[in-house]
Amino acid sequence: MKSKHPALRLLRDYGVITLGCAIYAVSFQWFFQPNNIAMGGFTGVGQIFNRLLPFLPVGTIVILMNVPLFILGVRRQGLKILISSLFATVVSNLMIDGLDAVYTFQPMDEPLLACVYGGVTVGAAMALMLTVGATTGGTELAARLLKYRIRHLSIGRLCLIIDVAVVSLYSLVFRQVNTALYGIIGMYISSLAMDAVVYGSVGAKMAYIISAESAEITRRILDLELGVTLLQGKGGYHGDDKQVILCAFKPSQIGTIKALVTEVDPNAFIIVCEAHEIVGEGFGEYTPDSL
């Protein structure tokens, strides 16, 4: 639950950003860098420069590369994204360089494990920052800006497209196909983890209920303070008119809905579907900055 007090909310947001930065830095230094797995985005480009010019730290390279992108971001999203995302970019990359200076992680025996765990932790870290309006720059900021024009793609998928392009460039520069393949696996898992964190909290279920007792079922669902829409249908076999109940509800309420319907009509048809996102009263709220 978010605090209504601006100072406490700001403190909470920057606490989440700092946590995300720490997870991101540890994941990069633990799973990607020591196992020579290409990472997407500006961090991946930083890896390329670091391999060519080892005296240049990855984090410092990424900070410098983000400057032009931040200028574009401010024009589209205002000063808030400059402050929060600049903070996230600087802190995450300083953490990467600082961790590299004090500790060296050893390569894992199985690169596939590094891909899986690295993808999950990086995706979760980036999603944490996105939920409070910040990014680590690079891929996430570019994807957030692209989201204004490409609304039908999730934030995770947009990041994946950019990341795959960078990983492919890494493989072309160093002629390491396996590195690219492992990197693509890691980035794909990262996109899934990101979408799970960003959209999972607003996910919902949707049920179509077909019953001869639709009036009583509707009354009971309304008693739960859930919205109901009645659709007119026609049976395909007998051709008789039917009333179809459409109801959206939170995942935790699925058991209650099924128990209620079967109590009224044990022969009712209940079709439960996943609803990726629901915008409206009782659920999410749409804004132009929505992910």
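All figures in this text were calculated on a predicted structure; none of them were measured in a lab.

Trainee: Please set out helix 10 (residues 254–264) residue by residue, giving values where relevant.
Mentor: Within the span of helix 10, buried status applies to Ile-257, Leu-260, Val-261 and Val-264. For helix 10, the angular spread of the buried residues around the axis is 95 degrees, confining them to a single face. On its buried face, helix 10 sits against strand 1 (204–210), helix 9 (214–223), strand 3 (241–249) and strand 4 (269–275).

Trainee: Tell me what's going on with the confidence of the model for the protein, and back it up with residues and numbers.
Mentor: Caution is warranted with low-pLDDT regions, since their predicted coordinates should not be read in detail. Looking at the protein as a whole, its pLDDT mean stands at 80, while 83% of the residues score no less than 70. Across the protein, element-level confidence peaks in helix 9 with a mean pLDDT of 91 and bottoms out in helix 6 (residues 138–146) with 70.

Trainee: I'd love a proper account of the pattern of salt bridges, names of residues and values included.
Mentor: A side chain of one charge can pair with a side chain of the opposite charge if their charged atoms are brought near each other. Taken as a whole and assessed by the stated rule, the structure comprises seven salt bridges. Here Glu-216 and Arg-219 are joined by a salt bridge, their closest N and O atoms 2.7 Å apart. Residue Glu-216 and its partner Arg-219 are both found in helix 9; the two are separated by three residues, about one turn of the helix. Accessibility expressed as a relative area gives 26% for Glu-216, which makes it partly exposed. We classify Arg-219 as partly exposed; its relative accessible area is 42%. A salt bridge links Glu-216 to Arg-220, with the shortest nitrogen-to-oxygen separation between them at 3.1 Å. Of the two residues, Glu-216 and Arg-220 both sit in helix 9, four residues apart, roughly one turn of that helix.

Trainee: How would you sum up the environment of Leu-222? Please name residues and give values.
Mentor: With respect to the secondary-structure elements, Leu-222 resides in helix 9. Relative accessible area serves as the criterion here: at 46%, Leu-222 is assigned to the partly exposed category. Spatially, the C-alpha atom of Leu-222 lies 9.9 Å from that of Cys-247, the residues being 25 residues apart in sequence.

Trainee: For the nonpolar core, give the residues involved together with the corresponding values.
Mentor: One finds Tyr-24, Phe-28, Phe-32, Met-39, Val-122, Met-187 and Met-194 to be the most contacted residues of the largest nonpolar core, which totals 30 residues. Mapped by element, the contributors of at least two residues to this core are helix 1 (6–32), helix 3 (58–77), helix 5 (111–131), helix 7 (155–174) and helix 8 (177–200). Of the residues forming this core, the biggest block, seven residues, is contributed by helix 5. Not counting residues up to four positions away in its chain, the partners in contact with Phe-32 are Ser-27, Ile-37, Ala-38, Met-39, Gly-118, Gly-119, Val-122 and Met-187. Counting 13 residues, the second-largest nonpolar core is a separate cluster that includes Phe-249, Ile-257, Leu-260 and Val-264.

Criteria and cut-off values
Residues numbered from 1 in each chain as written. Predicted model: local features only at pLDDT ≥ 70, side-chain atom pairs only at ≥ 80, totals over all residues. Heavy atoms only, no water. Buried < 20%, exposed > 50% of the residue type's maximum accessible area, 1.4 Å probe, protein only. Helix = DSSP H or I, 4+ residues; strand = E, 2+ residues; numbered from the N terminus. Arc of directions from axis to C-beta. Contact = heavy atoms within 4.5 Å. pLDDT = per-residue confidence, 0-100. Salt bridge = Lys/Arg side-chain N within 4 Å of Asp/Glu carboxyl O. Core = buried A, V, L, I, M, F, W, Y, C linked by side-chain atoms within 4.5 Å.

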